[in-house]
Amino acid sequence: MTKTNPGRFFEDYRLGEVIAHAVPRTVSGGERALYHALYPARHALHSSDEFARACGLPAAPLDDLIAFHTVFGKTVPDISLNAVANLGYAEGRFRAPVWPGDTLRAESEVIGLKQNSNGRSGVVWVRTRGLNQRDEVVLDYVRWVMVRKLRLDAPAPETTIPDLADAVSAEDLVSAPGLDFTGYDFALSGEPHRWADYAVGEVIDHVDGVTVEEAEHMMATRLWQNTAKVHFDATLREDGRRLIYGGHVISLARALSFNGLANAQMIVALNGGAHANPCFAGDTVRAWTEVLETAETDAPGVGALRLRLVATKGEGPEAGLRNAEGKYLPHVLLDLDYWALMPR
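Residues numbered from 1 in each chain as written. Predicted model: local features only at pLDDT ≥ 70, side-chain atom pairs only at ≥ 80, totals over all residues. Heavy atoms only, no water.

Draft legend 1. Seen up close, the overall build of the protein. Across its full length, the protein holds nine helices and eleven strands. For 344 residues, the compact-globule estimate of 2.2 N^0.38 gives 20 Å, and the C-alpha radius of gyration of the protein, at 20 Å, lies within 12% of that figure. Along the first, second and third principal axes, the C-alpha atoms of the protein reach 65 × 50 × 40 Å. Looking at the 344 residues of the protein, the share that counts as buried comes to 55%. Put simply, 78% of the contacts in the protein that link residues at least 6 apart link residues at least 24 apart. Approximately 14300 Å² of the protein is accessible, and the part contributed by carbon and sulfur atoms is 51%. (Helix = DSSP H or I, 4+ residues; strand = E, 2+ residues; numbered from the N terminus. Rg over C-alpha atoms; globule rule 2.2 N^0.38 Å. Buried < 20%, exposed > 50% of the residue type's maximum accessible area, 1.4 Å probe, protein only. Contact = heavy atoms within 4.5 Å. Areas by Shrake-Rupley, 256 points an atom, 1.4 Å probe, with all protein chains shown as cover.)

This is the structure:
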């Protein structure tokens, strides 16, 4: 009897099954320090306890994407160990801050299955929940991933594609308890731009770029315990290159967006996202943002912006996003639609 885990293949998933992912993880200031070492992250609310207290919070919460990466990493051995690629996200909501000392675990429900026409792989949709030590949901999201088949003669499941919302409604956004931006310090945050300064349709070129290093990517995948084979094993692909974890690109692009969106302090929803093209070590990531929507919130002095964050292989917004057939252009790495909170 084998004791090792080869990972699940497409034919191993069943619609409606709930998977409890192994190994809860207690997060600390160590994750914050490593996150800020890996990415040029500078948003003040996540950097300074004193800044966070002035905004009504007891201390600086961990960066929202630390929670996302930690929960995502828990799911990899059960969902994407044998993935060809992670394809997209939808209906993501950050429901509660994550603080140093919290213990996170994850569970996923299979909500969709579709075998690909080549019969060698299929797409699996899951809804994942990240919970803390009090069994409070800190975030949940849907993602879909292309997974290899092991037994090519295994029968295809009945195709079920979930009906997903285009975006999280502004009315469903959750602000951290006590969050209050009425006394917000724009000098300390790094930019004077507030919620009312942004207009729907505005495009912000974040100017800066970061070249992806193999060593940093490998440190990141180990930090998040993301053991997907395509990120670790250079022999898995014919070209001998390890695929950069899509979340690594998300965090790089989010950090780059500080230049122009320094006051977009907290991510509260992931409306949708696509890893449009693969990223490899040596690629230089740049980013630009389009403002899609603005909304008020019930929290004092707090507004919400719906933003489209695009990461590219070095090109700015003038290079475009899609071709005439609607396909992503080769330089586009990430197309991410999210809600963020900022001072009004």
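Draft legend 2. Representation of the nonpolar core in the model. Residues Tyr39, Phe68, Leu139, Trp224, Leu305 and Tyr338 are the most contacted members of the largest nonpolar core, which totals 59 residues. For this core, the element with the most residues is helix H4 (residues 64–79), which contributes seven residues. Each residue touching Tyr338, except ones within four places of it in the same chain, is listed here: Arg254, Ser257, Ile267, Ala269, Leu270, Asn271, Leu305, Arg306, Leu307 and Leu309. In terms of nonpolar packing, the next biggest core, distinct from the first, is built from 25 residues, Ala60, Leu173, Met266 and Trp339 among them. (Core = buried A, V, L, I, M, F, W, Y, C linked by side-chain atoms within 4.5 Å.)

Draft legend 3. Geometry of the pairing of strand S6 (residues 137–148). Across the twelve residues that make up S6, a large majority, ten, are buried. Summarising the sheet, strand S3 (residues 83–94) and S6 pair through eight bridges and their orientation is antiparallel. Paired with Tyr89 across the bridge in S6 is Arg143. Both strand S5 (residues 121–131) and S6 contribute to a ladder of eleven bridges, which runs antiparallel. Opposite Val124, over in S6, you have Val145 as the bridge partner. Linking S5 to S6, which pair antiparallel, is a turn of five residues; within it Asp135 sits at a positive phi near 65 degrees. (Pairing = 2+ DSSP bridges.)

Draft legend 4. The arrangement of helix H6 (residues 214–223) in detail. Of the residues making up H6, those classed as buried are His217, Met218, Ala220, Thr221 and Leu223. Following H6 by one or two positions, Gln225 has its phi on the positive side, about 55 degrees.

Draft legend 5. Molecular detail of the pattern of salt bridges. Inspection of the entire model under this criterion finds 17 salt bridges. Here Arg105 makes a salt bridge to Asp135, at a shortest N to O gap of 2.7 Å. With Arg105 in strand S4 (residues 103–115) and Asp135 in the loop between S5 and S6, the pair connects residues that are 30 residues apart, well separated along the chain. Since its relative accessible area comes to 29%, Arg105 is described here as partly exposed. Linked through salt bridges whose partners overlap, the residues forming this network are Arg105, Glu107, Arg129 and Asp135. (Salt bridge = Lys/Arg side-chain N within 4 Å of Asp/Glu carboxyl O.)

Draft legend 6. Quick peek at the packing of aromatic side chains. Counted according to the given criterion, the structure contains nine aromatic pairs. When the ring of Tyr35 is compared with that of Tyr39, the centres are 4.8 Å apart and the planes differ by 55 degrees; the resulting orientation is tilted. By way of ring pairs, the aromatic residues Phe68, Phe72, Tyr89, Tyr141 and Tyr245 are connected into one cluster. The ring centre of Trp195 lies 4.8 Å from the NZ or CZ of Arg344, which sits over that ring. (Phe/Tyr/Trp six-rings, centres within 6.5 Å; stacked < 30°, edge-to-face > 60°. Lys NZ or Arg CZ within 6 Å of the ring centre and 35° of its normal.)

No statement about biological role is implied by the geometric values presented.
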